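Each chain, written out:
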Amino acid sequence: MFELLGTSLPSRLLLGTAQYPSPAILADAVKASGTSVVTVSLRREMAGGRAGEKFWSLIRALGTRILPNTAGCHSVKEAVTTANMAREVFGTSWIKVEVIGNQDTLQPDVFGLVEAARILCEDGFTVFPYTTDDLGVAERLLDAGCKVLMPWCAPIGSALGPVNIMALRSMRGHFPGVPLIVDAGLGRPSHATTVMELGFDGVLLNTAVARAADPVGMARAFGKAVEAGREAYSSGMLEPRDVAAPSTPTIGRAVFS
Amino acid sequence: MKLMVNGEAHEIAATTLAELLAALDYEGEWLATAVNSDLVHRANRAEFRLSDGDRIEILSPMQGG
């Protein structure tokens, strides 16, 4: 069981809900992954369309915890207003705060992020900040009231995996008591295992599952990969070494010459 | 009066946010509303008086990552 901010979660995998081939495949993927938290967004409703109602019914039927996001926001004001609207619609104070700073990389605007986080934390939100792996920014986010950090490991949707292992390892080392969830950039289950082996508390991903040839199978694979990485981290891994060390005992070795 | 609703211009006779939602066939508990970039709570829509030129956003749950 994963204890996250006073909430017990059966899984350390958090899954996005966008880009699936169909609502049915989304639902099956969520179930196959074992995730207990799904991310959702808010968008303009079409008059009389009721698309939001259908999607919301589907999500509620999954029985998972909801983590709304402020995806697409480029300013503090946009993010704060979107967060407030999300709290009213989804009935949760959890909010994944994104303030995008660069349209090509979707890199967060960390200055706006810290400001939005401070406003929202003071207003009673539990802020999950989509941030970089910068330790100084992480400190500011914690000072602003964040209890969890969500560093990217590569640009959103890039599938590159952890491109700066050293930075992630450094972040884990600097904030031993803070829940750290890698968000964005994962491409394959081994990437998830790698960050979990570093001691991260969870991963959040979307595209790698939703755009797979078989999203349900990939969701299941990611669920196992996250578990494997966590169990490996908890079990204590060997440190690599530059020279060989025989695994078979040398004592009692036959001598034929 | 002239209003911008989800980015589109409308000429509306409604005077409150609740009347606007009814007039344009927006209904449901899953909707969130903002006027001029500030949230207007569901409970306050009936009393919230609109002004000419207001920008209204009506949002609902959508896929996200």
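Residues numbered from 1 in each chain as written. Chains lettered and ligands numbered in written order. Predicted model: local features only at pLDDT ≥ 70, side-chain atom pairs only at ≥ 80, totals over all residues. Heavy atoms only, no water.

- Under the annotation held in an unreviewed UniProt entry, chain B carries the name Probable sulfur carrier protein, ThiS and is attributed to Rhizobium loti.

- Looking at an unreviewed UniProt entry, one finds chain A named Thiazole synthase, with Rhizobium loti as its source organism.
- Quoted straight from UniProt, the Subcellular location (unreviewed entry) entry for chain A says "Cytoplasm". (UniProt positions renumbered as here; feature names shortened; annotations may be inferred.)

### A few points about the interface of chain B and chain A
Line of reasoning, step 1. At the interface, 27 residues of chain B touch 30 residues of chain A.
Line of reasoning, step 2. The junction of chain B with chain A conceals about 2500 Å² of combined surface from both sides, 59% of it contributed by carbon and sulfur atoms.
Line of reasoning, step 3. On the chain B side of the contact with chain A, Trp30(B), Met62(B) and Gly65(B) bury the most area, a combined 27% of that side's loss.
Line of reasoning, step 4. Viewed at the interface, chain A and chain B are joined by four salt bridges.
Line of reasoning, step 5. Linking Glu27(B) and Arg50(A) is a salt bridge whose minimum nitrogen-to-oxygen distance equals 3.1 Å. (Contact = heavy atoms within 4.5 Å. Buried area = accessible area lost by both parts, 1.4 Å probe. Salt bridge = Lys/Arg side-chain N within 4 Å of Asp/Glu carboxyl O.)

### Thoughts on the pairing of strand 3 (residues 13–16) of chain A
Residue and element names in this part refer to chain A.
Line of reasoning, step 1. Residues of strand 3 alternate between two faces, with Leu13 and Leu15 on one and Leu14 and Gly16 on the opposite face, all of them buried.
Line of reasoning, step 2. When strand 3 meets strand 10 (residues 202–205), the two strands line up parallel, connected through three bridges. Across the sheet, leucine 13 pairs through a bridge with valine 203, a residue of strand 10.
Line of reasoning, step 3. As judged from the three bridges shared by strand 3 and strand 4 (residues 37–44), these two strands associate in the parallel manner. Counterpart to glycine 16 in the pairing with strand 4 is threonine 39.
Line of reasoning, step 4. Read as a crossover between parallel neighbours, the route from strand 3 over helix 1 (residues 23–33) to strand 4 is right-handed. (Buried < 20%, exposed > 50% of the residue type's maximum accessible area, 1.4 Å probe, protein only. Helix = DSSP H or I, 4+ residues; strand = E, 2+ residues; numbered from the N terminus. Pairing = 2+ DSSP bridges. Right-handed = clockwise from strand over helix to strand, strands pointing away.)

### Quick word on the pattern of salt bridges
Line of reasoning, step 1. Evaluated as defined, the whole model comprises 10 salt bridges over all chains.
Line of reasoning, step 2. The partner of Arg44(A) in a salt bridge is Glu57(B), with the nearest N and O atoms 2.8 Å apart. Here Arg44(A) is found in strand 4, whereas its partner Glu57(B) is found in strand 5 (residues 55–63) on a different chain.
Line of reasoning, step 3. A salt bridge links Arg45(B) to Glu88(A); the shortest N-O distance between them is 3.6 Å. With one member in each of two chains, Arg45(B) in the loop between strand 4 (38–40) and strand 5 and Glu88(A) in helix 3 (residues 76–90) form a pair that bridges those chains.

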